[in-house]
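Fold and contact review
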Amino acid sequence: MKVAEAVGRALTASGIDHVFGVVGSGNFHLTNAMVAAGARFVAARHEGGAATMADAYARTSGAPAALSVHQGPGLTNALTGITEAAKSRTPLLVLAAEATQQRSNFRIDQALAAHAVGAVTARVTTAHDAVDQALAALRRARHERCTVLLNLPLEVQALDVPDGVSVAGVQIPAPQPVEPSRKAVAELARALEAARRPVFVAGRGARTPGGRDALAALADRHGALLATSAVARGLFHGVPFSLDVSGGFAPPLVAELVQGADLIVGWGCALNMWTMRHGRLIGPGATVVQVDDDPEALGAHREIGLGVTGDVELTARRVLETAGESREGYRTPETATALAARGRWRDVPYEDEGTRERIDPRTLSIGLDDILPAERVVGVDSGNFMGYPSAYLSVPDHKGFCFTQAFQSIGLGLATTIGAALAQPDRLPVATLGDGGALMSAVELDTVRRLGLPMVVVVYNDEAYGAEVHHFGPHGFPLGTVTFPETDIAAVARGYGFEAVTVRTPADLKAVRDWVAGPRSAPLLIDAKVTRDHGSWWLEEAFRGH
């Protein structure tokens with residue numbers, strides 16, 4: 001048995017059930033070995049899309065995924081998606097063939113490229129140790145929650161594995177939750193007892209099977225309001241006194257309530273510039289506490305009054321064990337009344353700016369929220385438009401929203417939704433894109449059709465890179481480099497086998513309603529010509545971080 005086959009079999013036997021990629025000569029045998037061993041191979045049309053699909057699948061499923069790429073250009077094509085995964089600490093194993101001959105046109109320093117984007121590296125070096133080295137890379141990806149590039153030199157892949165080397169794979173258990181210290185638990189309990197208006201903000205670290213319930217119980221005991229970062233959106237869906245997302249996407253009332261807190265506890269949440277609006281959501285005199293199982297994360301983005309090293313769920317349950325009787329806290333009748341009336345963006349009155357040619361993106365988003373089934377998984381691309389689907393489209397839980405925005409790259413949204421859809425096959429996948437990101441990634445429309453996904457792709461089409469238009473336009477700069485002639489994206493989608501509709505007014509949404517009611521035998525693309533007179537409300541906030 002060759003090394004390529006042995007490694008592929010062992011990784012599949014050790015828990016890799018989905019591998020994404022584009023197959024070339026260097027990763028052909030490895031990928032086929034994984035398929036033969038029972039893994040599902042998802043062929044993308046571009047390695048950049050494959051990387052993001054694998055990232056989104058791992059985030060949504062909670063299981064590690066693999067990306068398989070050709071040596072050299074296969075890896076460089078995937079680097080943007082790998083960067084996003086690395087910044088998001090996604091447990092992703094990148095299997096990259098490697099050309100080591102100095103004169104090979106495919107040769108680059110792949111380890112250096114991975115290091116430059118924040119991934120860690122490993123290499124298969126001998127036939128005898130190949131399986132152990134591959135499994136060590138998978139173990140590291142899972143236990144350290146990181147993206148690992150495993151280089152597989154072509155000449156090593158072609159070697160025979162010595163007799164007696166096992167390719168059966170091993171069980172790689174999830175890492176053990178970090179137990180908080182008794183002292184830290186006591187300090188956090190005292191802070192909660194002293195607080196009159198506590199707010200919990202949950203992030204990626206709270207997206208565990210029991211994290212939601214533990215935080216909801218603790219919040220109920222202390223009268224805390226519950227919010228999330230964007231990546232954990234949906235975690236508290238249906239829980240009383242949920243504020244949904246804190247930060248730039250939050251409606252005015254939610255921002256006001258967070259700013260009014262005398263205690264803010266970040267649970268597995270970085271409390272970064274987005275979630276805290278550059279610190280402006282932290283009111284004068286408020287105490288800030290951060291709970292994270294990585295001690296290096298504590299205080300990384302802002303000054304905190306208390307840092308607790310511990311698993312989110314475990315810490316919440318330990319504090320709950322010390323808590324006394326339930327208190328009203330921030331959960332007053334006045335707060336409840338305000339949230340019922342103004343807690344969502346769709347509850348905030350606005351003047352519809354739509355015309356006969358262009359639909360207001362708020363009206364579009366509210367209409368889609370009402371039409372599309374509630375059991376959905378929403379993926380969001382980057383751009384001026386992205387606040388609208390993030391704020392107006394409801395999701396059933398934290399697995400219903402996939403937000404690949406750590407690197408803020410345009411063009412990842414369609415692949416994000418494909419990966420999330422494969423992890424949640426019983427839900428309607430909804431990809432929300434700008435026209436720039438849609439055209440960057442249009443090649444993956446073929447992947448949607450080929451996989452038979454009943455997906456809705458919504459394109460907020462303003463014929464521009466809207467973020468740049470609204471950032472530079474008011475200062476009088478020329479905008480010819482960031483605006484484009486009208487493109488019939490609906491016609492492009494039909495060429496890939498989609499049903500498609502162009503939406504200019506609310507009446508045009510009837511076609512979407514008909515598709516939802518029908519057999520959904522083909523995916524649907526909505527080319528929504530949206531108004532473009534000014535930037536979205538969160539845009540100015542975003543550019544403060546540049």
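Summary of the structure given here. Nothing here was measured: the structure is a model prediction, and the numbers come from that model.

1. A look at the overall build of the protein chain
Of the regular secondary structure elements, the protein chain holds 21 helices and 18 strands. Relative to the globule expectation of 24 Å for 546 residues, the C-alpha radius of gyration of the protein chain, 24 Å, shows essentially globular dimensions. Across its three principal directions, the C-alpha atoms of the protein chain cover 70 × 65 × 45 Å. The buried share of the protein chain, taken over its 546 residues, is 57%. Sequence-distant contacts, at least 24 apart, represent 76% of the contacts inside the protein chain between residues at least 6 apart. Here the protein chain displays about 21,900 Å² of accessible surface, and carbon together with sulfur accounts for 52% of that area. Here the protein chain holds 50 positive side-chain charges and 59 negative ones, and the gap between their average locations is 1 Å.

2. Brief notes about helix H2 (residues 28-36)
Turning to H2, its buried residues number three or more, namely Leu30, Thr31, Ala33 and Met34. One side of H2 holds all its buried residues, which, seen down the axis, span an arc of 160°. Every exposed residue of H2 that faces more than 90 degrees away from the buried side is listed here: His29 and Ala36. Once H2 ends, the next one or two residues include Gly38, with phi positive near 115°.

3. Focus on the nonpolar core
Ranked by internal contacts, the top residues of the largest apolar core, which has 47 residues, are Phe20, Leu67, Ile82, Leu414 and Val457. Residues in contact with Phe20, not counting those within four places in the same chain, are Phe41, Val42, Ala50, Met53, Ala54, Tyr57, Ala65, Ala66, Leu67, Ser68 and Leu422. Counting residues in each nonpolar core, the second largest holds 40 residues, with Phe385, Ala391, Val512 and Ala528 among its members.

4. A closer look at the packing of helix H1 (residues 3-13) against helix H6 (residues 130-143)
Viewed as axis vectors pointing N to C, H1 and H6 meet at an angle of 40°, and their least axial separation amounts to 9 Å. Comparing their axes, H6 and H1 come out oblique. As for the relative orientation of H1 and H6, their crossing is right-handed in sense. Contact residues: Val3, Ala6, Val7, Ala10 and Leu11 in H1; Ala130, Val131, Ala134, Leu135 and Leu138 in H6. The residue makeup of the contact of H1 with H6, split by class, is 10 nonpolar, no polar and no charged.

5. Examining the state of the cysteines
Where two cysteines share a covalent bond between their sulfur atoms, that bond is called a disulfide. With the rule as written, the count across this model stands at zero disulfides. Here Cys146 is not cross-linked by a disulfide; its sulfur's nearest cysteine counterpart is in Cys402, at 19 Å. Its relative accessible area of 12% is what places Cys146 among the buried residues. Summary of cysteine pairing: Cys402 is not part of a disulfide, and the nearest cysteine sulfur, belonging to Cys269, is at 17 Å. Assessed through its relative accessible area of 2%, Cys402 is described here as buried.

6. Here we look at the sheet that holds strand E14 (residues 401-402)
What the six strands build is an open sheet, ordered E14-E13-E15-E16-E18-E17; its pairing is parallel. Each having just a single partner strand, E14 and strand E17 (499-503) make up the two edges of the open sheet. Across six bridges, the pairing between strand E16 (residues 456-461) and strand E18 (residues 524-529) is parallel. Note on E18: the bridge partner recorded for Val456 is Leu524. Against the sheet, helix H13 (residues 361-371) contacts strand E13 (376-380), E16, E17 and E18, and its axis sits at roughly 170° relative to E16.

7. As for H6
For H6, spanning 14 residues, the distance from its first C-alpha to its last is 20 Å, which sits close to the expected 20 Å at 1.5 Å a residue. Along H6, the residues that are buried comprise Ala130, Val131, Ala134, Leu135, Ala137, Leu138 and Ala141. For H6, the arc enclosing every buried residue in end-on projection is 150°, short of the 170-degree limit, so these residues lie on one face. The elements touched by buried residues of H6 are H1, strand E4 (92-98), strand E5 (120-123) and strand E6 (147-153). Count one or two residues on from H6 and you reach Arg145, which has phi positive near 45°.

8. Brief notes about the environment of Ala507
Inspection of the secondary structure puts Ala507 in the loop between E17 and helix H20 (510-517). For Ala507 and Gly81, which are 426 residues apart along the polypeptide, the C-alpha to C-alpha distance reads 37 Å.

9. Considerations on the sheet that holds strand E7 (residues 198-202)
As summarised here, the arrangement of the six strands in space is E9-E8-E7-E10-E11-E12, forming an open sheet in which the pairing is parallel. Two strands close off the open sheet at either side, each with one partner strand: strand E9 (242-245) and strand E12 (306-309). Averaged over all pairs of adjacent strands, the angle between strand axes in this sheet comes to 15°, irrespective of strand direction. When strand E8 (residues 225-228) meets E9, the two strands line up parallel, connected through three bridges. Each bridged residue has a counterpart across the sheet, and for Ala227 the counterpart in E9 is Asp244. Along the sheet face, helix H9 (residues 211-222) touches E7, E8 and strand E10 (263-267) and points at about 170° away from the line of E7.

10. Observations concerning the packing of helix H3 (residues 47-61) against helix H4 (residues 73-87)
Across the interface, H3 lies against H4 with an axial gap of 7 Å and an inter-helix angle of 30°. Here H3 lies roughly parallel to H4, going by the angle between them. As for the relative orientation of H3 and H4, their crossing is right-handed in sense. Together, Glu47, Gly48, Ala51, Thr52, Asp55 and Arg59 of H3 and Gly74, Asn77, Ala78, Gly81, Ile82, Glu84 and Ala85 of H4 make up the contact between the two elements.

11. Observations regarding the pairing of strand E11 (residues 287-292)
Counting buried residues in E11 gives five out of six residues, a clear majority hidden from the surface. Here four bridges tie E11 to E12, and the two strands are oriented parallel to one another. Paired with Gln290 across the two strands is Gly307, which belongs to E12.

What counts, and where the lines are drawn
- Here the residue numbers are simple positions, counted from 1 along each chain's written sequence.
- The model is predicted, so local features are restricted to residues of pLDDT at least 70 and side-chain atom pairs to those at 80 or more, both for listing and for counting; the totals for chains, interfaces and linings are taken over all residues.
- In computing side-chain properties, one takes all heavy atoms of the structure into account and sets aside hydrogens as well as water.
- Runs of H or I in DSSP of at least four residues are treated as helices and runs of E of at least two as strands, each being numbered from the N terminus.
- For the radius of gyration, the atoms used are the C-alpha atoms, and the globule rule reads 2.2 Å times the number of residues raised to 0.38.
- Note on exposure labels: buried denotes an accessible area under 20% of the residue type's maximum, exposed denotes more than 50%, and partly exposed covers the range between, all computed with a 1.4 Å probe on protein chains only.
- What makes two residues a contact is simply this: any of their non-hydrogen atoms within 4.5 Å.
- In this description, accessible areas are obtained by the Shrake-Rupley approach with a 1.4 Å probe, and a residue is regarded as covered only by the protein chains that are shown.
- Under the convention used here, Asp and Glu are negative, Lys and Arg are positive, and both His and the chain ends fall outside the count.
- Working definition for charges: the position is that of NZ of Lys, CZ of Arg, CG of Asp or CD of Glu.
- Note: the arc covers the axis-to-C-beta directions of the helix.
- Think of a nonpolar core as a cluster: buried Ala, Val, Leu, Ile, Met, Phe, Trp, Tyr and Cys residues, connected wherever their side-chain atoms sit within 4.5 Å.
- Angular values range over 0 to 180 degrees, each being the angle between N-to-C directions of two axes fitted as lines to C-alpha atoms, with helices fitted over their stretch in contact.
- Put simply, angles under 35 degrees are roughly parallel, angles over 145 are roughly antiparallel, angles from 65 to 115 are roughly perpendicular, and the rest are oblique.
- Take the far helix as your reference; a near helix turned counterclockwise from it by less than a right angle gives a left-handed crossing, and one turned clockwise gives a right-handed crossing.
- Throughout, the ten residues Ala, Val, Leu, Ile, Met, Phe, Trp, Tyr, Cys and Pro are labelled nonpolar, Asp, Glu, Lys and Arg are labelled charged, and all others, Gly among them, are labelled polar.
- A pair of cysteine sulfur atoms is labelled a disulfide when the two atoms are within 2.5 Å.
- A pair of strands counts as paired when DSSP detects no fewer than two bridges linking them.
- Here, expected helix span is obtained from the residue count minus one, scaled by 1.5 Å.

All we've got here are geometric facts, nothing functional implied.
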